[in-house]
Amino acid sequence: MNRTTLSLIAGATALAAVTGFASLNAPAASGDNTAKAATQQPVERTSLLCPQPSTSEIAETAYTSYTPVTQGAADSGKAELQAAAVESADSASGKKTGKKTVKPALKPAEPGKPATGDGSGAEPPALVGTAEGKFAPGWTVQETTAVAAGTGRGLLGTNCTAPDTEFWFPGVSTATGRTDYVHLTNPDDSAAVVDVGLYGKDGTLKSTVGEGITVQPHASEPILLSTLASGQQTDLTVHVTVRSGRVGAAVQALDDKIGGDWLAAATDPAGSLVMPGIPKDATAVRLVAFAPGDQDADLKVRLASPSGLITPAGNETLHVKAGMTAAADLGDVTRGEAGSLVLTSTGTSAPVVAALQVVRGKGSKQEMAFIPATSPVGARATVADNSSKGTTLALSAPGQSAQVKVTASAGSEGGTAVTKTYTIKGGTTQDVDAPVPAGLKGTYALTVEPVSGGPVYASRTLASAQEGVPGFTIQTLPDDRGTVAVPEADQDLSVLLKK
């Protein structure tokens, strides 16, 4: 085959490698070899993986699924979340237990309306989800768990993740009082082989236990991080890499005193990072960063407040040595106002990964959550499981001013969608008065779409107080990857393939 044929096949293969799949159709032959510009088309298939929510007998978990209505999407399709078929080896006999089959946790009925499911009960499993056709573009699933007491008590939430081959988690810990797990879920028909590396303040934590971990097909493995290396460290970075196959990964951080939450993967290493939506009543904020390259990173630390970019007194910069994890206590950095942390590498512009641990409350009434560095909203981003009370939407434009459209979907049990438009000044963060569906019944989704201006970063905070504890969880809103670029060609592909 000639170079043109190989390029076209490579393009189609690349489309099949992403989370959502788009078909590549051959246009009519025109006799012209030139290629047209790529067009954005809705994805046709999406996979999402939800980690096991909790092992607590008093935990209550809800799942909320939502797909925005997408122009050009297929007329039909389906979506469902199914329990992972967990197989575990018996430690004494070496024999495997049988698969556990459970009916789907939920099956959405239509795009534009949230669907809910219950994951409560003893030992709820991890979930493997697939959406096809009209349900695929922008499909999002929120897993929210309330734990009334015990280690990690409070409100825990995470967006179910797409499978991938690499994940970064700055902000984990093996210190006294912390119990952190990395959950690995395999959606495919063959086993995945995964390496889990740990990096502390002095560099790599030497261990062979985290190498070559096998995750069985359609199964999930929670790995207790303290078993991967000796000693206790407060600030660590986890690097998950997949040798073969692909997995979904998320870290569950549980603390004896300040509750627990899920730490989602941070965005890829970069010289500039944004962590949006620090609650205005945060009582303690801790920044954790890691430099994965061979150069040290000097980071300029700024807060995008409602009035503009400011430099936190006493925390103007953070030096991160190559291959090491660094941390800084920022205290109550927001001082009663909405804020987003903005990091910028100076000098060498060495790439870093970063996340924030955020605490609300005081004394025995504290609760924690995490904000990983995230990518911009991009074309569109959606977050599910919102209520008329307890939802805060934070929008940040760290560079140029931006105009943003926010749509509240219909409710899961009734209500009419509502849309509002907001202007976010450059260098600021705003906790906006998010729209609520008219006549809302049940839960609803928020979809954010930039209209004009510079990049926008966003996060959503869910808050629910329990016996005086200010339970909360924060989810960032990166681009939903609901479309893919599909190249157009003037020449019939079948003609090329015959050459």
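Rules of the game
Residues numbered from 1 in each chain as written. Predicted model: local features only at pLDDT ≥ 70, side-chain atom pairs only at ≥ 80, totals over all residues. Heavy atoms only, no water. Pairing = 2+ DSSP bridges. Helix = DSSP H or I, 4+ residues; strand = E, 2+ residues; numbered from the N terminus. Axes fitted to C-alpha atoms, helices over the stretch in contact; angles between N-to-C directions. Salt bridge = Lys/Arg side-chain N within 4 Å of Asp/Glu carboxyl O. Buried < 20%, exposed > 50% of the residue type's maximum accessible area, 1.4 Å probe, protein only. Phe/Tyr/Trp six-rings, centres within 6.5 Å; stacked < 30°, edge-to-face > 60°. Lys NZ or Arg CZ within 6 Å of the ring centre and 35° of its normal.

Taken in spatial order, the four strands make up an open sheet running S14-S10-S16-S17, and their pairing is antiparallel. Here the strands that pair on one side only, and so sit at the sheet edges, are strand S14 (219-224) and strand S17 (259-263). Pairwise comparison of adjacent strand axes, ignoring direction, gives a mean angle of 20° for this sheet. Note: strand S10 (residues 178-186) against S14, six bridges, orientation antiparallel. When the bridges of S14 are listed, leucine 184 appears paired with glutamate 221.

Once the charged atoms of two side chains with opposite charge are near each other, the side chains can pair. Applying the stated criterion to the full structure yields twelve salt bridges. Arginine 380 is the partner of aspartate 480 in a salt bridge, and the nearest nitrogen-oxygen pair spans 2.6 Å. With aspartate 480 in the loop between strand S36 (469-476) and strand S37 (483-489) and arginine 380 in the loop between strand S26 (367-372) and strand S27 (381-386), the pair connects residues that are 100 residues apart, well separated along the chain. For the pair formed by aspartate 480 and arginine 380, the shared burial category is buried. A single salt-bridge network, built from bridges that share partners, covers Asp235, Arg286 and Asp329.

So, about the sheet that holds S36. If you walk across this open sheet you meet the four strands as S32-S28-S35-S36, and the pairing is antiparallel. The open sheet is flanked by strand S32 (428-432) and S36, the only strands paired with a single partner. With direction set aside, neighbouring strand axes in the sheet form an average angle of 25°.

Turning next to the packing of aromatic side chains. Counting across every chain of the model gives three aromatic pairs. With a centroid separation of 4.8 Å and an interplanar angle of 40°, the aromatic rings of tyrosine 199 and phenylalanine 290 are classed as tilted. Taken together, the residues span a long stretch of sequence, with tyrosine 199 in strand S11 (residues 192-200) and phenylalanine 290 in strand S19 (residues 284-290) at a distance of 91 residues. With respect to burial, tyrosine 199 and phenylalanine 290 carry one shared label: buried. Taken together, Trp168, Tyr199 and Phe290 form an aromatic cluster joined through their ring pairs. Between arginine 360 and the ring centre of phenylalanine 472, over which it is positioned, the NZ or CZ distance is 5.1 Å.

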